[in-house]
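Geometric and topological summary
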Amino acid sequence: MNILMLGAPGSGKGSQAELIENDYGLLQISTGELLRKAVSEKSAEGIRADVYISKGELVPDELVLKLLTERLNDPDCNKGVILDGFPRNVFQAELLDGILEKYRKKIDIVFNIESPFEILKERLLARRMCAKCGKGYNMISNPPKSVYCECGGEIIRRSDDNEATIKNRLDVYLISTKPLINYYEKKEVLVNIDGNRKIPEIYQDVKVTIKKKGY
Ligand code: ADP
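No experiment lies behind these values; they were computed from the predicted model shown. Per chain, the residues get numbers from 1 upward, laid out in the order the sequence is written. For a predicted model such as this one, the threshold for reporting local features is a pLDDT of at least 70, and the threshold for listing and counting side-chain atom pairs is 80 or more; totals across whole chains, interfaces and linings nevertheless cover every residue. To get the side-chain values, take all heavy atoms of the structure and skip hydrogens and water.

A few words now on the sheet that holds strand E4 (residues 109-114). At least two bridges found by DSSP between two strands is the condition for calling them paired. The numbering of helices and of strands both runs from the N terminus, where a helix is a DSSP run of H or I of at least 4 residues and a strand a run of E of at least 2. Pairing is parallel across the open sheet formed by 5 strands, whose spatial order is E2-E3-E1-E4-E8. Edge positions in the open sheet fall to strand E2 (27-30) and strand E8 (190-194), since each of these has one partner strand only. The sheet shows a mean angle of 20 degrees between the axes of neighbouring strands, taken without regard to direction. Between two residues, a contact is recorded if the distance between any of their heavy atoms is within 4.5 Å. Angles run from 0 to 180 degrees between N-to-C directions of axes, and those axes are lines fitted to C-alpha atoms, restricted for helices to the stretch in contact. Where helix H2 (residues 31-40) meets the sheet, it contacts E2 and strand E3 (81-84), and its direction lies at approximately 60 degrees from that of E2. In the packing of helix H8 (residues 179-186) onto the sheet, the strands contacted are strand E1 (3-7), E4 and E8, and the crossing angle to E1 comes to about 145 degrees.

With that out of the way, let us pick up the site of the ligand. Surveying the vicinity of the ligand reveals 20 residues, the closest of which are Thr31, Arg36, Glu57, Gln92 and Arg169. Any N or O atom pair separated by 3.5 Å or less is treated as a polar contact, with the protein-specific requirement of one donor-capable and one acceptor-capable atom, and with residues adjacent in sequence counted only for side-chain atom pairs. Between the ligand and the protein, one listed contact pairs an oxygen atom with a side-chain N or O atom of Arg88 at 3.0 Å. Burial of the ligand by the protein chains amounts to 97% of its free accessible area of 540 Å². Considering each element in turn, the shell around the ligand owes the most residues, 4 residues, to H2. Near is defined per residue: the residue qualifies when any heavy atom it owns lies within 4 Å of the molecule or strand. In short, Shrake-Rupley with a 1.4 Å probe defines the accessible areas, and a residue's cover is counted only from the protein chains shown.

Below you can see the structure in the form of structure tokens.
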């Protein structure tokens, strides 16, 4: 089974992908995380990507595609993947169709997680993460117990979770990514999920859908 997570920044698609990964033995692939890793390693791709990420723009398609195909070539992807953050525009969706065809695979379910933009902005401003293990926190809904994570790592704010960049990321979502709802609706794989609820409630719907689809 292969799953795709659609949703605006802050919609909680990463949190749901993590839960699916644990329960269904699929592999979560987040292009945002692949890019942030490249940035922290200061690779040639990372240095290029950093300029776009810090402005809240999409990183050039060819750069994201390179990181993604490298990752998809790893044998642990054979058990099925949850794509989180890719595709982000129609061109990337068409590229993905080509890749899947080559590997004789398909996307079985696309979860589209929706929430009002005001809520998304609030969530992104309150979002924090552990610099060491990557665990996510939220200063409103899930605050850390101290300035350090349980693993001992420092709790930080993602550099693109600031007001100006958030605004741009939401605009980019509306212009480039939202058309994908229609793209996958036409392929009859889209499932809309109300994301304006607590994480476990949303996940309940996700699990019911996966079961209904026979997995
Ligand atoms: P969010 O969904 O909260 O914006 P991500 O971690 O998915 O966070 O992405 C962070 C940033 O990484 C994006 O704003 C963008 O600059 C870049 N990025 C991630 N995935 C892609 C992609 N598929 N194509 C282009 N840029 C991407």
